[in-house]
Amino acid sequence: MTDTFRVISPGPLTTIQDAGRTAFQHMGVPVSGVLDRYAAHVANCLVGNPAGSAVLEATLVGPRLEVLAEADIGVTGAASALTVNGVPTPGWTSVRVRPGDVVDAGAPESGCRSYLAVGGGFDVPLVMGSRATYLGGRIGGLDGRSLAAGDILKRGPARLLDQPRRLPWFPLYGTQVILRAVPGPQDEYFRTALATFFDSPFTVSAQANRMGYRLEGPALIREADAPASIVSEPIVAGNVQVPADGRPIVLLNEQTLGGYAKIATIITPDLFKLAQAKPGDTVRFVAVTVAESAAIARQWAAFFSEIRTLLER
Amino acid sequence: MSGVFYDRPRFRACGDRALLAEYGDGIDLALNRKVHAAANALRRRALAGIEAVIPAYRNLALVYDPLVVSFESLTAAFTALESELEAAELAEPRTVDIPVCYGGQFGPDLSFVAEHHRLTPAEVVEIHSRALYPIYAVGFAPGFCYLGGLDPRLHTPRLPTPRTRVPAGSVGIAEAQTGVYPSDSPGGWRLIGRTPLSLFNPSKADPFLYQAGDRIRFVPISEADYDRLRAAERP
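This one's a predicted model, so the numbers in the text were calculated from it and none came from an experiment.

(A) Molecular detail of the overall build of chain B. If you tally the helices and strands in chain B, you get five helices and 13 strands. Seen along its three principal axes, the alpha-carbon backbone of chain B occupies a region of about 55 × 40 × 35 Å. Across the 235 residues in chain B, those meeting the buried criterion constitute 54%. For chain B, restricting intrachain contacts to residue pairs at least 6 apart in sequence, the fraction spanning at least 24 positions comes to 60%. Per element, the accessible surface of chain B, about 10600 Å² overall, is 53% carbon and sulfur. Positive and negative side-chain charges of chain B, numbering 25 and 27 respectively, have mean locations separated by a distance of 2 Å.

(B) Quick look at the overall build of chain A. Regarding its fold elements, chain A presents four helices and 20 strands. Rg of the C-alpha trace for chain A: 20 Å, near the compact-globule value of 20 Å for 313 residues, within the 12% margin. Dimensions of chain A, computed from the C-alpha atoms along their principal axes, are close to 65 × 35 × 30 Å. Across the 313 residues in chain A, those meeting the buried criterion constitute 58%. The contacts in chain A between residues at least 6 apart in sequence include a share of 77% that link residues at least 24 apart. Only carbon and sulfur atoms are counted for the fraction: they give 55% of the accessible area of chain A, which is about 11800 Å².

(C) Local environment of the sheet that holds strand β10 (residues 108-118) of chain A. All names here are of chain A. Pairing in this open sheet of five strands is antiparallel, and the strands run β2-β3-β10-β5-β8 from one edge to the other. Whereas interior strands pair on both sides, the edge strands pair on one side only; in this sheet they are β2 (13-17) and β8 (94-97). Strand after strand, the sheet turns through a mean of 30° between neighbouring axes, direction not considered. Sheet topology note: the strand β5 (residues 71-80)/β10 ladder contains seven bridges and is antiparallel. The residue of β10 that forms the bridge with S80 is P108. Sheet contacts for helix α1 (residues 37-46): β3 (55-59), β5, β8 and β10; angle to β5, the most-contacted strand, approximately 155°.

(D) Expanded view of the domain arrangement of chain B. Residue and element names in this part refer to chain B. Domain assignment breaks chain B into domain 1 (4-87) and domain 2 (95-233). Computed over C-alpha atoms only, the centres of domain 1 and domain 2 are separated by 30 Å. Surface buried jointly by domain 1 and domain 2 totals about 640 Å² across both partners, of which 63% is contributed by carbon and sulfur atoms. For the pair domain 1 and domain 2, the number of links is zero salt bridges. Inspection of the region where domain 1 meets domain 2 yields two residue pairs in polar contact (both at pLDDT 80 or more). Residue contributions to the side of domain 1 that touches domain 2 peak at four residues, all from helix α1 (residues 29-45). Its residues placed into classes, the side of domain 1 that touches domain 2 shows five nonpolar, three polar and one charged.

(E) Inspection of the pattern of salt bridges at higher detail. By the definition in use, this model includes 31 salt bridges over all chains. Between E254 of chain A and R210 of chain A there is a salt bridge, and its shortest N-O distance comes to 3.2 Å. One end of the pair, E254 of chain A, is in the loop between β17 (249-251) and β18 (257-258); the other, R210 of chain A, is in the loop between β13 (202-208) and β14 (212-216), and 44 residues separate them in sequence. Each member of the pair, E254 of chain A as well as R210 of chain A, carries the same accessibility label: buried. Two residues, R228 of chain B and D225 of chain B, come together in a salt bridge whose shortest N-O distance is 3.4 Å. One end of the pair, R228 of chain B, and the other, D225 of chain B, are both in helix α5 (residues 223-233), three residues apart, so they sit about a helical turn from each other. A residue is classified by how much of its surface remains accessible, and D225 of chain B, at 27% relative accessible area, is partly exposed.

(F) Structural view of the side chain of R194 of chain B. All names here are of chain B. Mapped onto the fold, R194 is located in strand β12 (residues 190-194). We note that R194 is buried and unpaired, the nearest opposite charge coming from D184 at a distance of 7.6 Å. Residues contacting R194, with those up to four places away along its chain left out, are P99, V100, C101, Q105, F106, P167, A168, G169, S170, V171 and Y226.

(G) Inspection of the sheet that holds strand β7 (residues 87-88) of chain A at higher detail. Residues and elements named next belong to chain A. Read from one edge of the open sheet, six strands run β7-β6-β9-β4-β1-β11, paired in antiparallel fashion. Of all strands in the sheet, those bounded by a partner on one side alone are β7 and β11 (152-155). Relative to strand β9 (residues 102-104), strand β4 (residues 64-67) runs antiparallel, the two sharing three bridges. Along β9, the bridge assignment pairs R64 with D104.

(H) Looking closely at the nonpolar core. By size, the foremost hydrophobic cluster in this structure holds 77 residues, and its most contacted members are F197, I263, I266, L274 and F285 of chain A together with L60 and F78 of chain B. Grouped together as the second largest cluster of nonpolar side chains are 37 residues, V100, Y102, V113 and I173 of chain B included.

(I) The arrangement of the interface of chain A and chain B in detail. Across the contact, 38 residues belong to chain A and 46 residues belong to chain B. Of the roughly 3000 Å² buried between chain A and chain B on both sides combined, carbon and sulfur atoms contribute 67%. Among the residues chain A hides against chain B, the three largest losses belong to H26, M27 and V231 of chain A. Together they make up 22% of the total. In this structure, the connection of chain A to chain B is made through two salt bridges. The shortest N-O distance in the salt bridge between R12 of chain B and E188 of chain A comes to 3.0 Å. On inspection of chain A and its partner chain B, the count reaches six residue pairs in polar contact (both at pLDDT 80 or more). Elements with a minimum of two residues in the side of chain A that touches chain B: β12 (176-183), β15 (233-234), β19 (262-266) and α4 (290-312) of chain A. For the side of chain A that touches chain B, the element with the most residues is α4 of chain A, which contributes six residues. Each residue belonging to the side of chain A that touches chain B can be placed in one class, and the counts come to 22 nonpolar, 12 polar and four charged.

Analysis parameters
- Residues numbered from 1 in each chain as written.
- Chains lettered and ligands numbered in written order.
- Predicted model: local features only at pLDDT ≥ 70, side-chain atom pairs only at ≥ 80, totals over all residues.
- Heavy atoms only, no water.
- Helix = DSSP H or I, 4+ residues; strand = E, 2+ residues; numbered from the N terminus.
- Buried < 20%, exposed > 50% of the residue type's maximum accessible area, 1.4 Å probe, protein only.
- Contact = heavy atoms within 4.5 Å.
- Areas by Shrake-Rupley, 256 points an atom, 1.4 Å probe, with all protein chains shown as cover.
- Lys, Arg positive; Asp, Glu negative; His and termini not counted.
- Charge placed at Lys NZ, Arg CZ, Asp CG, Glu CD.
- Rg over C-alpha atoms; globule rule 2.2 N^0.38 Å.
- Pairing = 2+ DSSP bridges.
- Axes fitted to C-alpha atoms, helices over the stretch in contact; angles between N-to-C directions.
- Domains from an automatic or database assignment.
- Buried area = accessible area lost by both parts, 1.4 Å probe.
- Salt bridge = Lys/Arg side-chain N within 4 Å of Asp/Glu carboxyl O.
- Polar contact = N/O pair within 3.5 Å; in protein donor to acceptor, adjacent residues only side chain to side chain.
- Nonpolar A, V, L, I, M, F, W, Y, C, P; charged D, E, K, R; others polar.
- Core = buried A, V, L, I, M, F, W, Y, C linked by side-chain atoms within 4.5 Å.

Structure, rendered in structure tokens:
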């Protein structure tokens with residue numbers, strides 16, 4: 001629709017993401033989408049977008065953008081040294097930008113991923129029902145790739161805000177993360193290792209990206225009678241798979257089937273904490289039941305509504 | 001690998017918003033057909049709160065919204081479904097023809113596969129194109145089929161060093177598996193031919209030619225037919 005930004009520098013990995021591509025998982029098309037739903041939700045609420053509108057997701061260093069059309073933006077996620085025309089600007093607020101302005105999301109002081117929403121949402125074609133970039137399949141977003149210098153980013157139709165919006169709090173991303181997880185689906189392979197899993201700290205390794213996070217820590221040894229691999233089966237975000245070496249890998253949104261046994265599955269409301277964890281950060285797991293996880297999901301839905309109500313008041 | 005059937009599906013929690021329903025263990029065509037019959041029945045019912053039905057070899061995942069349905073209500077729905085499935089005949093699987101130009105520039109490993117098994121290239125094509133290959137599951141990449149049914153006479157080891165780029169449509173063999181690459185990707189399969197059809201077209205409302213549970217038949221075509229069909233695929 002409206003040419004809104006020109007990319008001056010994209011940062012190491014900045015992609016357009018939305019709530020994800022859920023309709024073709026049975027055909028091997030992964031969900032993709034934002035990894036931190038909390039930060040992306042706030043960013044969209046700040047600029048008056050419907051939930052799930054397409055935003056920029058930046059890993060570590062954010063993009064530098066030249067503004068081409070007046071717009072409201074909201075930057076959330078990793079606490080960044082956001083500047084507009086070189087002037088430090090707080091995150092988790094809406095910011096009015098005008099043609100010629102330079103927005104620089106900067107490098108995070110804590111956390112790993114930042115989100116930039118624009119009023120009207122980033123306008124790229126819907127591919128199989130979503131605007132999310134699926135890098136492995138080269139679809140969605142900008143021709144299935146991450147942002148590059150010189151790209152022009154468009155936004156959809158939007159009405160500028162009557163007054164700025166600000167969330168009266170924002171999450172701090174520490175270096176120690178607690179993740180609630182439901183044991184299984186193959187917990188019986190790990191009867192002894194489950195205690196290790198829920199009692200021990202793990203460290204995020206350097207092999208951590210949008211596909212998954214490999215964790216370092218005590219080896220999770222499966223029962224002697226348990227097979228090393230299983231017949232390939234459906235994968236969901238948050239599955240903690242354990243290959244034969246006993247080193248767990250948390251799978252995120254880029255895979256639909258896999259053949260490794262899963263000791264536990266992180267609940268969806270806690271995945272944002274992992275998305276903001278960096279190599280070297282510590283992760284601990286806490287067991288919850290399915291019934292408890294459903295109660296937490298209800299609390300989170302209520303919390304997300306509260307955020308919208310608060311910002312739209 | 002043959003399969004084991006359970007008397008009734010076993011349910012496993014897969015986090016806060018997915019349920020795995022498991023019908024047995026192993027890789028087995030009858031077991032797999034049961035999974036796809038259940039997946040189709042679930043899709044027809046369009047239960048509230050279901051976001052995705054993902055079938056695999058021996059189980060399927062139901063991705064659900066825990067604000068709308070509970071794990072318990074879904075297992076109850078499954079139990080009701082079971083009686084329906086017993087009563088209804090499993091539908092005969094659909095057969096999808098995939099034209100393939102074997103050998104030459106499109107099948108650089110056809111002669112290797114032939115020599116490896118002391119067959120002629122024509123015999124490899126004949127054996128490969130005679131079979132009906134059930135699609136056990138689709139995954140790994142968009143539209144990538146896990147096919148059964150490769151004749152043991154064609155089981156061939158992978159390339160020692162994978163190619164950095166295999167063109168979309170390439171038909172290959174790796175050990176006991178055969179399959180088609182739906183998109184350009186790196187890969188170590190022995191390539192014996194290529195289809196001119198686009199197996200994955202994200203710009204179409206229905207981006208795929210087949211689904212899990214169908215059977216695939218590879219139909220040999222000439223290079224001239226390949227060119228003609230390829231031209232027709234391009235808008």
